[in-house]
Amino acid sequence: MLEESEARQRILDRIEPGPVIWLPLGLARDNRTAQDIRGIADFPEFDNSSMDGYAVRAAEATGGATLSVFPEPQPAGLNRNLELPPNSAIRIFTGAPVPSGADAVIMQEDVDRKDDSITIREPVVPGENIRRRGGDVCAGQKILSEGDRLTPARLALLASQGIEEVPIHMRPMVHVVSTGDELVQPGEYRMPGQIYDSNGVLLKSSVEQLGGLAEQIHLEDNPEIMRHALAILCEVSDFVVIAGGVSVGERDFVKEVLEALGVETDFWRVKIKPGKPFLFGQHPNGCCIFGLPGNPVSAFVTFQIFVAPALKKRLGQSVSTTNFTKLLGLADEEIVNRGDRPHYLRAIEDEGRIYLSGTQQSHAIFGLSKANCLVRLEADQTIKKGEQVFGIRI
Ligand code: AMP
Ligand code: MG
């Protein structure tokens, strides 16, 4: 059986970031930039005032000095190319270009204005209340790195540079397939013994949360139907994520159906709990196939540790394979794995303390719904109360 990290590496080795397209800023939020982006212009582009007040020479604007106010004010939005005469002040507004000759702006609250002159109450030092050209960004400077998430602030940064479109990796099309004769959709008539399909929405929304496009379908445990449906899905998808039917039960047909379709199984079974029967393969056309265990918690965990990194890489996000888990906090109780496989446990991190979340059985969705992280334990590992806990946030 494959180690978890090797399984993840083998998946990532087969995945390249998707084709690059350009999106208007207004549609790009939360995507990743597909390229480094450099500043086009200095920002600010010209020295300007950070206050409403008077542009002065600091050496002349000493406490108690009186300066005559230049007849023309300098508003924001129009550079009047004014020049400050000696012993004068030019009325100026926030964002307005600083007239030549001036080296400071004195706040209007710090002067007494009388007709065409001002008397200085609080002196200024050179440079005060002036935002210098290039003080924030210089033309040519790298302002975003490939893979950076386009947060509202980063979109604003691009807008401030006059950039209207940004390169991103196209969202992959992912089909999510729930398999099982026992499943009905929420809202459908349910016969005794049938259960509702929870993996469909679990996996579809997980794909969408990461930025992929997802559609959800359900297939019966019927190899003929599966073969027809999966043949089409492999043609129209970048990824197919199948939940259930990948284990060794008599009604688990996914593996043989995929093989009949020419899918090359890269690996099946990983040394991890939950999620041992995880399968990864690739169709000759490049479509990646992920076979997840049917139990919802197992499906969720294997999605997080194998499918999510693949989706992230496809979307241009950097994925660390060496430091997959991060420090989550300190254990608030003893956490034990007596098994011979590494184990991911559902947990809640609250102000740096980690508690387990409900029963850890792999059908139990309530505990999963309350968890905000998955704690990873090595085989036979015990974490004592107060010790560091590593895992992933969910
Ligand atoms: P399987 O991997 O197909 O053997 O399924 C393992 C367990 O997960 C069984 O108890 C299934 O009923 C359950 N299961 C499979 N698929 C789903 C699903 N989409 N939603 C909820 N439970 C499921
Ligand atoms: Mg099944």
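Model, not experiment: these values are computed from the prediction. (Residues numbered from 1 in each chain as written. Chains lettered and ligands numbered in written order. Predicted model: local features only at pLDDT ≥ 70, side-chain atom pairs only at ≥ 80, totals over all residues. Heavy atoms only, no water.)

Let us now look at the sheet that holds strand 13 (residues 173–179). In space, the six strands of this open sheet follow the order 16-13-17-20-19-18, with mixed pairing throughout. Across the chains shown, the open sheet's two edge strands, defined by having one partner strand only, are strand 16 (213–219) and strand 18 (264–268). If you compare each strand with its neighbour and ignore which way they point, the axes differ by 20° on average. Pairing of strand 18 with strand 19 (residues 279–282), which is carried by four bridges, proceeds in the antiparallel orientation. Its bridge partner being in strand 19, Glu264 is matched across the sheet by Gln282. (Pairing = 2+ DSSP bridges. Helix = DSSP H or I, 4+ residues; strand = E, 2+ residues; numbered from the N terminus. Axes fitted to C-alpha atoms, helices over the stretch in contact; angles between N-to-C directions.)

For the rest of this paragraph, the subject is the nonpolar core. If you look at the biggest cluster of nonpolar residues, it comprises 37 residues, and the most contacted ones within it are Ile11, Phe278, Phe290 and Leu292. No other element matches the eleven residues that helix 6 (residues 296–314) contributes to this core. When near neighbours in sequence (up to four residues on either side) are disregarded, Leu292 contacts Leu203, Val241, Ile242, Ala243, Gly244, Val246, Phe278, Ala299, Thr302, Phe303 and Val307. Within the second largest apolar cluster, 19 residues are counted, among which are Val177, Met226, Ile242 and Val257. (Core = buried A, V, L, I, M, F, W, Y, C linked by side-chain atoms within 4.5 Å. Buried < 20%, exposed > 50% of the residue type's maximum accessible area, 1.4 Å probe, protein only. Contact = heavy atoms within 4.5 Å.)

One face of the sheet, then the other: side chains in a regular strand alternate in exactly this way. The pairing of strand 21 (residues 326–331) with strand 27 (residues 388–393) spans four bridges and is classified as antiparallel. In the sheet register, Leu330 faces strand 27, and the bridge partner there is Gln388. Pairing geometry for strand 21 and strand 24 (residues 353–356), over two bridges, is parallel. Along strand 24, the bridge assignment pairs Leu330 with Arg353.

Within the structure, ligand 1 sits among 15 residues, and Glu182, Asp197, Ser198, Gly245 and Gly294 are positioned closest to it. Between Gly245 and ligand 1, the recorded distance is 2.9 Å, taken from a backbone N or O atom to an oxygen atom. Gly294 is positioned such that a nitrogen or oxygen atom in its backbone is 3.0 Å from an oxygen atom of ligand 1. Protein contact buries 75% of the 490 Å² of open area that ligand 1 shows by itself. Secondary-structure elements contributing two or more residues to the shell around ligand 1 are strand 13 and strand 15 (195–196). (Near = heavy atom within 4 Å. Polar contact = N/O pair within 3.5 Å; in protein donor to acceptor, adjacent residues only side chain to side chain. Areas by Shrake-Rupley, 256 points an atom, 1.4 Å probe, with all protein chains shown as cover.)

On to helix 6. A maximum bend of about 45° is found in helix 6 at Phe303. For helix 6, a buried count of 17 out of 19 residues is recorded, marking the element as mostly surrounded by other parts of the structure. Just beyond helix 6, the residue with positive phi is Gly316, at close to 90°. (Bend = angle between axes of the 7 residues up to and from the residue.)

Another point: the packing of aromatic side chains. All chains considered together, the criterion is met by five aromatic pairs. Measuring from ring centre to ring centre gives 6.1 Å for Phe267 and Phe278, while their planes differ by 35°; the resulting arrangement is tilted. Residue Phe267 is located in strand 18, and its partner Phe278 is located in the loop between strand 18 and strand 19; the two are separated by eleven residues in the primary sequence. The exposure class of Phe267 is buried, given its relative accessible area of 6%. Aromatic side chains Phe278 and Phe306 sit 4.6 Å apart centroid to centroid with 35° between the ring planes, which places their arrangement in the tilted category. (Phe/Tyr/Trp six-rings, centres within 6.5 Å; stacked < 30°, edge-to-face > 60°.)

Contact geometry for helix 3 (residues 199–210) and helix 6: axes closest at 11 Å, N-to-C directions at 25°. Considered as vectors, helix 3 and helix 6 are oriented roughly parallel to each other. As for how helix 3 packs across helix 6, the hand of that crossing is right-handed. Contact with helix 3, carried on its side by Asn199, Leu202, Leu203, Ser206, Val207 and Leu210, involves Pro296, Ala299, Phe300, Phe303, Ala308, Leu311 and Lys312 of helix 6 and no other residues of that element. Grouping the amino acids of the contact of helix 3 with helix 6 by side-chain chemistry returns ten nonpolar, two polar and one charged. (Parallel < 35°, antiparallel > 145°, perpendicular 65-115°, else oblique. Left-handed = near helix turned anticlockwise from the far one by under 90°. Nonpolar A, V, L, I, M, F, W, Y, C, P; charged D, E, K, R; others polar.)

Mapped onto the fold, Gln304 is located in helix 6. The buried category is assigned to Gln304, whose relative accessible area is 15%. Ignoring anything within four residues of it in the chain, the contact list for Gln304 reads Pro309, Phe324, Leu374, Ile392 and Ile394.

A separate point is the domain arrangement of the chain. Taken as a whole, the chain is organised into domain 1 (4–16 + 171–314), domain 2 (20–43 + 149–169), domain 3 (48–131) and domain 4 (326–393). Just the C-alpha atoms count here: the centres of domain 3 and domain 4 sit 62 Å apart. (Domains from an automatic or database assignment.)

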